[in-house]
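Coordinates in review
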Amino acid sequence: MEIIAEIAPTLNKELFLKRLEALRRYVEKVDIPEAPGGRPSAHSLAAGVLAKQVGLEPLVHIRLLDVNMTAFKSLLGGARLLDIEYVVVLQGDPPAEGRPVGEIATEEAVLVAKKMGFRTGALLSLRRDYKQRLKVGADFYLALHLREAGQLADLPQVVYPYILVKTEKNFDLLERLGQTVVSPREALELVRKLEGLAPGVVLSVPRDFQTLLGLLQEVKARP
């Protein structure tokens, strides 16, 4: 089972590269959100280029709430020039600054990105009618709100669940976002139980990079 690490972009290039180098010891792919929580940051495309420079394959998020179709296709064109293979299209949280555009539906964005040759992902909430969501036609899905491994038992092998890990450094943030979270110990147990049920998982520990590294090290050390 593939382990993918989520890493949020930062304006500190030296720090971001240092973190990418540290992750390279444990994973081959990184999941890069765009403007997490709707707050502006370094764009995921730029972060994806830095990931490729250190030998990691980026899954680059593109927020649809912020763009019209011209801007979306321009971003995809930029991704093509930068040799990015994987994009994840999602509506995203409401923007902290400016007004949402909201012109493009996820289904439409998936079709456009796939037509341009990208391996295209979409988000899937396990709290909703997620089987209906699978009809969007994405190549893969990143699933939120995983509570137990059994939720994936009857799903095709294209669903990569997020395992969101709570710590003292991020508990307030995750609680505010209303995400389903687990402790570091529970995360390791979930990874074990998901073997054979999912092609991979995305490990995410917002605001606590050292805990993320520790979890990745434990997962890699397992026989």
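Presented here is an overview of the structure given in this document. (Residues numbered from 1 in each chain as written. Predicted model: local features only at pLDDT ≥ 70, side-chain atom pairs only at ≥ 80, totals over all residues. Heavy atoms only, no water.)

1. Concerning the environment of Gly102
Worth spelling out the cut-off: Secondary structure elements are defined from DSSP: runs of H or I of at least 4 residues count as helices, runs of E of at least 2 residues count as strands, and each element is numbered from the N terminus. Buried residues are those whose accessible area, probed at 1.4 Å on protein chains only, stays under 20% of the maximum for their type, while exposed residues exceed 50% and partly exposed ones sit between those limits. Any pair of residues with heavy atoms lying within 4.5 Å of one another is described as a contacting pair.
Within the element layout of this structure, Gly102 appears in the loop between strand S4 (86–90) and helix H4 (106–115). Gly102 gets classed as partly exposed once you look at its relative accessible area, which sits at 44%. Distance from Gly102 to Leu65, taken between C-alpha atoms, is 4.5 Å for residues 37 residues apart in sequence. Not counting residues up to four positions away in its chain, the partners in contact with Gly102 are Leu64 and Leu65.

2. Regarding the pairing of strand S3 (residues 57–63)
This is how it is decided: Pairing between strands requires that DSSP locate at least two bridges from one strand to the other. With the strands aimed away from the viewer, a crossover counts as right-handed if its path from the first strand over the helix to the second runs clockwise.
With six of seven residues buried, S3 is to be regarded as a mostly interior element. In terms of strand pairing, strand S2 (residues 29–32) meets S3 through four bridges, oriented parallel. By the bridge assignment for S3, Val30 is matched with Pro58. Since S2 and S3 lie parallel, the crossover through helix H2 (residues 44–53) that links them has a hand, and here it is right-handed. The pairing of S3 with S4 spans five bridges and is parallel. In the sheet register, Val60 faces S4, and the bridge partner there is Val87. Tracing the backbone out of S3, into helix H3 (residues 69–81) and back to the parallel element S4 gives a crossover that is right-handed.

3. A closer look at the packing of helix H1 (residues 13–23) against helix H8 (residues 209–221)
The condition that has to hold: Axes, fitted as lines to C-alpha atoms, cover a helix only where it is in contact. Angles between the N-to-C directions of the axes lie from 0 to 180 degrees. Small angles under 35 degrees read as roughly parallel and large ones over 145 as roughly antiparallel, with 65 to 115 read as roughly perpendicular and the rest as oblique. Note on convention: the crossing is left-handed when the near helix lies turned anticlockwise from the far helix by less than a right angle, right-handed when the turn is clockwise. Asp, Glu, Lys and Arg are counted as charged, while Ala, Val, Leu, Ile, Met, Phe, Trp, Tyr, Cys and Pro are counted as nonpolar; the rest, among them Gly, fall into the polar class.
Running from amino to carboxyl end, H1 crosses H8 at an angle of 15°, the nearest separation of the two axes being 11 Å. With respect to each other, H1 and H8 are oriented roughly parallel. In terms of crossing hand, the pair formed by H1 and H8 is right-handed. The residues of H8 that touch H1, namely those facing Arg19, Ala22 and Leu23, are Phe209, Leu212, Leu213 and Leu216. Grouping the amino acids of the contact of H1 with H8 by side-chain chemistry returns six nonpolar, no polar and one charged.

4. Let's talk about the nonpolar core
For the record, the criterion: As used in this record, nonpolar core signifies buried Ala, Val, Leu, Ile, Met, Phe, Trp, Tyr and Cys residues forming a set joined through side-chain atoms within 4.5 Å.
Core analysis: the biggest nonpolar cluster contains 64 residues, and Leu23, Phe72 and Ile163 have the highest contact counts within it. It is H8 that provides the largest number of residues to this core, a total of six residues. Residues contacting Phe72, with those up to four places away along its chain left out, are Ile62, Leu64, Val67, Val89, Ile104, Ala109 and Val112. By size, the runner-up hydrophobic cluster in this structure holds twelve residues, among which are Tyr86, Leu123, Leu144 and Tyr160.

5. Remarks on the packing of aromatic side chains
What describes a pair of aromatic rings is the distance from one ring centre to the other and the angle between the planes of the rings. Applied cut-off: Each Phe, Tyr or Trp ring (for Trp, its six-membered ring) is paired with any other whose centre lies within 6.5 Å, and the angle between the two planes then decides the class: stacked below 30 degrees, edge-to-face above 60, tilted in between.
Enumeration over the complete set of coordinates arrives at two aromatic pairs. Measuring from ring centre to ring centre gives 6.1 Å for Tyr86 and Phe140, while their planes differ by 65°; the resulting arrangement is edge-to-face. A residue pair is termed long-range when its members are at least 10 positions apart, and Tyr86 in strand S4 and Phe140 in strand S6 (residues 140–144) qualify at 54 residues. Look at Tyr86 and you get buried, because its relative accessible area is 12%. Phe140 sits in the buried class, given a relative accessible area of 4%.

6. Topic: the pattern of salt bridges
Under the convention used in this document: Take a side-chain nitrogen of Lys or Arg and a carboxyl oxygen of Asp or Glu: if they are within 4 Å of each other, that pair is a salt bridge.
A full pass over the atoms with the stated rule returns eight salt bridges. For Arg207, the salt bridge is made with Asp172, and the minimal N-O distance between the two is 3.7 Å. Here Asp172 lies in helix H6 (residues 171–177) and Arg207 lies in the loop between strand S8 (200–204) and H8, a separation of 35 residues in the sequence. Look at Asp172 and you get partly exposed, because its relative accessible area is 43%. Notably, a salt bridge pairs Arg185 with Glu218, separated by 2.7 Å at the nearest N-O pair. Taken together, the residues span a long stretch of sequence, with Arg185 in helix H7 (residues 184–193) and Glu218 in helix H8 at a distance of 33 residues.

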